[in-house]
Protein chains: 2
Amino acid sequence: MGDWLQLIQCVPNFSEGRDDETLSALAGAARSVPGVALVDFSADPDHHRSVYTLLGPPEPTLEAIKKMAYLAVERIDLAQHQGVHPRIGALDVLPFVPYGETPLDVAVQLAHAAGEWLAETLQLPVFLYEAAARSSHRVNLAAFRNMGWEKLSKLSLTGEWAPDFGPDRLHPSAGAAAVGARNPLVAFNVELATSSVEVARKVAARVREKGGGLVGVKALGLPVEGRGCVQVSLNITRPGDVPLYRVVELIRLEAARHGVSLAGSELIGAIRLEELLEVARYYLGLHGLRREQVLDLWAAALPTERSDRDGEIER
Amino acid sequence: MGDWLQLIQCVPNFSEGRDDETLSALAGAARSVPGVALVDFSADPDHHRSVYTLLGPPEPTLEAIKKMAYLAVERIDLAQHQGVHPRIGALDVLPFVPYGETPLDVAVQLAHAAGEWLAETLQLPVFLYEAAARSSHRVNLAAFRNMGWEKLSKLSLTGEWAPDFGPDRLHPSAGAAAVGARNPLVAFNVELATSSVEVARKVAARVREKGGGLVGVKALGLPVEGRGCVQVSLNITRPGDVPLYRVVELIRLEAARHGVSLAGSELIGAIRLEELLEVARYYLGLHGLRREQVLDLWAAALPTERSDRDGEIER
């Protein structure tokens, strides 16, 4: 954990998507630790939820997370939430993701360290999931999280429901926290030029791993509110093996069975440059394209540009 | 020129492509100035020529260029060159190119400052070209440079041949230097799956501006030695207006008239991230893709990664 060259991406989800003051305070806490970048953040008022993407060396990143968690427990009261996105806590989900050559194990260690701190300092029950899980029934977070705060708050957290760290009761206002470690994934939506959700569902069913599609791909067909089209919402969980172009072209192929074409796509959160290089290698035939050829990487590493870019995404 | 946020790309071409010691010394000189990145360099023994790509703020970049020029004059003797690439000097061509929001005018000023220094300190006649030119007959460098060192060395450099700075005779061993400023361009080759140079020439003629093709595109059809295929060699001089995908798809379209498909492509030197974003926006329909979503830019800006990446391209 002391290795200064390792980088970790951390993507905390908070059960707050409406109060600008709290959202800004969380962003400020993320930015307040030197050496940590706040890459992206977005809030969804409908789901009453926000997602922050941090990048930095393990120790400063953990420091930033502690500051954010402290604020979240202080300011977010789950008892005020009504019928929104399934959630178990104010700091609802906290995944650590290795960046670059950093091994997954570093993310696992960091998840454990964060979990312990959240339990001891903030009195939160902490549930470890995915690569950080300590028992097999916790690996898949969804089943557990879909129980939601309301149900969990009535339980004594023992036996099957015992947390990995912390008390056997939910925190009265801040609930619990799910802390995990996983490899990078790409979250990606493709819009189809049709209003038929049925078509989106069929296409999703055929491109995902379960339906005979691409390995590690999860997909759902969904309506898109107020836009008269539908989308295939995807998680690419093995982006190193499954490049974006292959996913898009396979969706194009399956949508064509229904005479439907693609209307566009969107990327949720951050992406690795390697994904973009692979897109250019495939479509342009730029077989020898290397990341060192990208001028912007060099510019970003020069001290001159850094202060500039920090300002650019201030919001 | 004192603005610390401005960045300049500089691409000096030297008349040395064979002697490893000189090539390494030039690279070392480029890297010796703090704040300047040596993005790329390549040497061509056949053409007896090397090209370095530097990126940095104006003053440190000029400092690095001075060190490289000093070495080049010391170590390169044009009298030893026989029948190779047209050239006029040891430091043959020195273009300054603005990066990011930096105005072209900063590159022009830097070209003038570099030219003055080369003349005063190294006794080189200096010819200003393109945006840095001080007379219209110097704007286009090619006509002048194709005269070559041999012819110019027999002339008195007066009247039409008078340099913009420096003496009226070539330097006995280091010749002269062409110093210019221009906007960024993309140098790009597309290979066609045929052995007919005639097809490459026809395709090149149709995609370039002169032949009714894309604005600002220059193209030549050329054989590719020892590989049984041919290439369309391109300069995209207005890359902000003419994205790579449009060039590739137009070449594909014109090559198809001859029943020929594309075999691949290659990018010479460095590229801006924006070009890659535009490729992904077009082919994947990622209309809203933003540079801030690219994690690697953030990682490069963190102090942790910088030392790592410096090591990565050492060679």
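Just above sits the structure.
Values in this document were obtained by computation on a predicted structure and should not be read as measured data. (Residues numbered from 1 in each chain as written. Chains lettered and ligands numbered in written order. Predicted model: local features only at pLDDT ≥ 70, side-chain atom pairs only at ≥ 80, totals over all residues. Heavy atoms only, no water.)

Right, let's talk about the relation of the copies chain A and chain B for a bit. Once turned by 180° and shifted 0.0 Å along the axis, chain A lies on chain B with an RMSD of 0.1 Å. The superposition of one copy onto the other is thereby described by a two-fold rotation axis. Judged by C-alpha distance, Ala301 of chain A is the residue of chain A that lies nearest the rotation axis, at 2.4 Å. Take the interface residues of chain A: 100% of them recur as interface residues in chain B, which is what a same-surface contact looks like. (Least-squares fit on C-alpha atoms with pLDDT ≥ 70 in both. Contact = heavy atoms within 4.5 Å.)

Residue and element names in this part refer to chain B. Checked against the element boundaries, Phe41 lands in strand E3 (residues 37-44). When its relative accessible area of 16% is taken as the criterion, Phe41 is described as buried. Once the C-alpha coordinates of Phe41 and Gln80 are considered, the two residues, 39 residues apart in sequence, prove to be 23 Å apart. (Helix = DSSP H or I, 4+ residues; strand = E, 2+ residues; numbered from the N terminus. Buried < 20%, exposed > 50% of the residue type's maximum accessible area, 1.4 Å probe, protein only.)

On to the interface of chain A and chain B. Across the contact, 61 residues belong to chain A and 61 residues belong to chain B. Surface buried jointly by chain A and chain B totals about 5600 Å² across both partners, of which 65% is contributed by carbon and sulfur atoms. Along the contact surface separating chain A from chain B lie four salt bridges. If you look at where chain A meets chain B, you find 22 residue pairs in polar contact (both at pLDDT 80 or more). If you list the elements that add at least two residues to the side of chain A that touches chain B, you get strand E1 (7-10), strand E3 (37-44), strand E4 (49-56), helix H7 (244-256), strand E11 (262-268), helix H8 (273-284), helix H9 (295-301) and helix H10 (303-312) of chain A. Taken together, the residues of the side of chain A that touches chain B sort by class into 37 nonpolar, eleven polar and 13 charged. (Buried area = accessible area lost by both parts, 1.4 Å probe. Salt bridge = Lys/Arg side-chain N within 4 Å of Asp/Glu carboxyl O. Polar contact = N/O pair within 3.5 Å; in protein donor to acceptor, adjacent residues only side chain to side chain. Nonpolar A, V, L, I, M, F, W, Y, C, P; charged D, E, K, R; others polar.)

In this structure, Arg138 of chain B sits in the loop between strand E6 (126-130) and helix H4 (141-145). In this structure the side chain of Arg138 of chain B is engaged in a polar contact, spanning 3.1 Å, whose partner is the backbone oxygen of Ala162 of chain B.

In this section: the nonpolar core. Leu192 and Leu234 of chain A together with Phe188, Leu192 and Leu234 of chain B are the most contacted members of the largest nonpolar core, which totals 78 residues. Residues within four places of Leu234 of chain A in sequence aside, it is in contact with Val186, Ala187, Phe188, Asn189, Val190, Val207, Val217, Lys218, Ala219, Val247 and Ile251 of chain A. (Core = buried A, V, L, I, M, F, W, Y, C linked by side-chain atoms within 4.5 Å.)

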